[in-house]
Amino acid sequence: MSEAWTWLSEPFQYTFMQRALLSLAMVSAVSAVIGVFVVQKGLAFIGDALAHASFAGVAMAFVLGSSIYLGAVIAAVATALAIGFVSRRTRLSLDTAIGIIFVGAFALGIVIISRQSNYTVDLFSFVFGNVLGVGWHDLLIIGVMAAAIIAVVGAFYKELLFYAYDPDMAAASGVPVQVVHYGLLTLIAVAAVVALKAVGIVLVVAMLVTPAATAALLVRRLHHMMVVGALVGLASSVIGLYVSYYASVASGASIVLVATCLFGLAWLVSPRRGLLMLRHPETSFEAEDLAVAARPRDPA
Amino acid sequence: MRLLPTKQQAPIAGNGTAIKVENVWAGYSGRTALEGVDFEVPKASMVGLVGPNGSGKSTLIKVILGMHHPWRGRVLLLGQEVRAARRLVGYTPQIEMVDWQFPVTVRDVVTMGRYGRLGLLRWPTAADREVVERCLDRLQLMDLAKRQIGELSGGQQRRVLIARALAQEPEVLLLDEPMAGLDATIQHELLSLFEELRAEGKTLLVATHDLSCVTCCFDRALLLNRRMIAYGDPEKVFTQELLNEAFKSHLIILPVEGTFHMVHHGHE
């Protein structure tokens, strides 16, 4: 018992591990809250693109000596708006617009840093993630961004839900769907930057998509998906950190792998869509529908 | 286009025009969907919108809703511009246009009918929830209120869309093929609901392929194929000649004792 406790508690005696866990908790919450929209609206590719595009901002900020987070947010948000604009103003499909713009931004980032003689470790911690290197300063910035995202989603949840579920009807009801559309892209961009340091540019999309998709298999309302997705993200983070600590492997990648495994597990046991449940369709709809219809209507 | 006399018994409570469509031309990036459509729907009446697939029925409904802007012409709802009258209109899209896998429950969807009245940063009040419960009850969805919408049958899904439209507390209802693919019992249920709504003074414009339903229960029929082929009393509108004009002779229509039997024969 005490041995097991020692095994479990040992990694978290280090403050860098505590900071890592704290940052991952915030990343999990934000990724789930935004990820449910990414999953439901089929925006995974755009999430990936925005994370990559933020690299241009990271590189620019590095060269100018300003805040890397600020640079990343500006680049990601600008890319989100540019993608929306290009796909609207040309006859290109959305995924073509994404493909053109994000590789352009990513390449710009590489061009910028290739002019620098002293780039190496610091910048690449953003590409591949370095959650163990998260400092108090990083935590503060991530915390502020996370709080802002959750506050915005909370305040406009009604509009986001309506837009995500039925944009036509939302528009007919007077919801400014254009504003909501660009607002959602902006939120995805900021959420991608929140997860940047923890898992790295190339794995950000996994945090946005996998826990939310796992939750989609388990619960049936959007806000429940957010909560369950955050818990799945947190569980992946904790287990991933142990794997990373004891097996001496990259932490970001371990976390993502654990999340992928949890998705597979949920897929197996999902009450509605699980592989193991295929033989138990919920109920016979037709019979029930007829029964309901046959019930006499209340004269009132 | 022919304007035909309408049934005398059409119960028109508080005389007036609910929907006025004035010479509307509309389409999508160069493709014309509506050519000079022009008609009026009196208050508290039921109009069946009939035409082949791709004849502009959905486009017409979207123009009336203000979801699609016409190239030319205009629409007045209860004498007001569409923008101002938005709250007075309830709408159900075609069932295929809805994402049924979306993680929302039946009650969540019906509650969305209230969102248009709420505005930004406002949450549904007790009064809103009461309206939602009443609409759920009216469409007999109480037992299904906590179901995820994908877990419903086709008939149940259509009832959810209608309940959401009713939760808007509209004066005018625009229903895009609410009866397609339903069995006779449920169709009958829906029709008696429509008649109840008309008796309450609501105006209904219903896109449908079911000519018999329109003949038996609706006040007027609007036969559409990009342009308006005919508008008026269903029995006068649904003649062999006019139907063949609308359906481009893909059909032979055999009226038998008040119902229609349609026989497809290819146009080759």
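Residues numbered from 1 in each chain as written. Chains lettered and ligands numbered in written order. Predicted model: local features only at pLDDT ≥ 70, side-chain atom pairs only at ≥ 80, totals over all residues.

Take the overall build of chain A next. Within chain A, the secondary structure is distributed over 14 helices and zero strands. For chain A, the N- to C-terminal ordering of α and β elements is α-α-α-α-α-α-α-α-α-α-α-α-α-α. A total of 300 residues make up chain A; the buried ones form 47% of that total. Restricting to contacts in chain A with at least 6 residues of sequence separation, those with at least 24 account for 71%. (Helix = DSSP H or I, 4+ residues; strand = E, 2+ residues; numbered from the N terminus. Buried ≥ 20, exposed ≤ 12 C-beta atoms within 10 Å, placed from the backbone. Contact = placed C-beta atoms within 7 Å.)

Bringing the pairing of strand β7 (residues 89-92) of chain B into the picture now. Residue and element names in this part refer to chain B. Residues Val89 and Tyr91 point to one face of β7 and Gly90 and Thr92 to the other, with burial holding for every one of them. For β7 and strand β8 (residues 172-176), the ladder comprises four bridges, and the chain directions are parallel. When the sheet's bridge partners are listed, Val89 is paired in β8 with Val172. (Pairing = 2+ DSSP bridges.)

Now for the environment of Leu88 of chain B. Relative to the assigned elements, Leu88 of chain B resides in the loop between β6 (80-81) and β7. Not counting residues within four places of it along the chain, the set of residues in contact with Leu88 of chain B comprises Leu77, Leu78, Pro170, Glu171 and Val172 of chain B.

Time to look at the packing of helix α7 (residues 136-155) of chain A against helix α10 (residues 177-199) of chain A. Residue and element names in this part refer to chain A. Two numbers describe how α7 lies on α10: the axes approach to 10 Å, and their chain directions differ by 150°. Here α7 is positioned roughly antiparallel relative to α10, judged by the angle of their axes. Viewed along their axes, α7 and α10 form a crossing whose handedness is left-handed. Of α10, the residues touching α7 (which contributes Asp138, Ile142, Met145, Ala146, Ile149, Val152 and Val153) are Leu187, Val190, Ala191, Val193, Val194 and Lys197. Of the residues assigned to the contact of α7 with α10, the class counts are eleven nonpolar, no polar and two charged. (Axes fitted to C-alpha atoms, helices over the stretch in contact; angles between N-to-C directions. Parallel < 35°, antiparallel > 145°, perpendicular 65-115°, else oblique. Left-handed = near helix turned anticlockwise from the far one by under 90°. Nonpolar A, V, L, I, M, F, W, Y, C, P; charged D, E, K, R; others polar.)

Turning next to the packing of α10 of chain A against helix α11 (residues 204-218) of chain A. All names here are of chain A. Where α10 meets α11, the closest approach of the two axes is 8 Å, and the angle between their N-to-C directions is 115°. Between α10 and α11, the crossing angle belongs to the class labelled roughly perpendicular. Here α10 runs over α11; the crossing is right-handed. On α11, the residues that touch Ala191, Ala192, Ala195, Leu196 and Val199 of α10 are Val204, Ala206, Met207 and Leu208. The residue makeup of the contact of α10 with α11, split by class, is nine nonpolar, no polar and no charged.

To continue, consider the interface of chain A and chain B. The parts lose accessible area when they come together, and the size of an interface is often stated as this lost area. Facing 27 residues of chain A, the contacting portion of chain B comprises 28 residues. Among the elements of the structure, α8 (157-165), α9 (167-172), α12 (222-247) and α14 (285-294) of chain A are those that each provide at least two residues to the side of chain A that touches chain B. It is α14 of chain A that provides the largest number of residues to the side of chain A that touches chain B, a total of seven residues. When its residues are assigned to classes, the side of chain A that touches chain B shows 15 nonpolar, three polar and nine charged.

All names here are of chain B. Strand order in this open sheet of four strands is β3-β2-β5-β6, and the pairing throughout is antiparallel. Two strands in the sheet have a free side with no partner beyond their single neighbour: β3 (31-42) and β6. Sheet topology places strand β2 (residues 17-28) next to β3; eight bridges connect them, and they run antiparallel. Paired with Ile19 across the two strands is Val41, which belongs to β3. Sheet strands in contact with helix α1 (residues 57-65) are β2, β3 and β5 (72-77), and its direction is about 120° off that of β2.

For the rest of this paragraph, the subject is the nonpolar core. Counting residues in hydrophobic clusters, the biggest one holds 179 residues, and the most contacted among them are Ala76, Ile188, Ala191, Ala192 and Val204 of chain A. Discounting residues that sit within four places of it in the chain, Ala76 of chain A has contacts with Leu50, Ala53, Ser54, Gly57, Ala189, Ala192 and Val193 of chain A. (Core = buried A, V, L, I, M, F, W, Y, C linked by C-beta atoms within 7 Å.)

Let us look at the pairing of strand β4 (residues 46-50) of chain B. Residues and elements named next belong to chain B. Taking burial as the measure, the five residues of β4 include five buried ones, the bulk of the element. Covered by surrounding structure in β4 are Met46, Gly48 and Val50 together with Val47 and Leu49, the residues of both alternating faces. Direction of pairing for β4 relative to strand β9 (residues 203-207): parallel, over a ladder of four bridges. Each bridged residue has a counterpart across the sheet, and for Gly48 the counterpart in β9 is Val206. Here β4 runs beside strand β10 (residues 220-225); their pairing, made up of four bridges, is parallel. The residue of β10 that forms the bridge with Val50 is Leu223.

We now examine α8 of chain A. Across the nine residues of α8 of chain A, eight count as buried, placing the element largely inside the fold. Taken as a whole, α8 of chain A has its buried residues at Lys158, Glu159, Leu160, Leu161, Phe162, Tyr163, Ala164 and Tyr165 of chain A. Contact partners of the buried residues in α8 of chain A: α2 (15-41), α7, α9, α10 and α12 of chain A together with α2 (106-118) of chain B.

A separate point is the environment of Leu22 of chain A. With respect to the element layout, Leu22 of chain A can be found in helix α2. Taking C-alpha positions, Leu22 of chain A is 17 Å from Val227 of chain A, a pair spaced 205 residues apart along the chain.

Confidence along chain A averages 86 in pLDDT terms, with 88% of residues attaining 70 or more. Here residues 280-300 of chain A is a poorly scored stretch, pLDDT under 50, and it has 17 contacts once near neighbours within four places are set aside; other chains count. (pLDDT = per-residue confidence, 0-100.)

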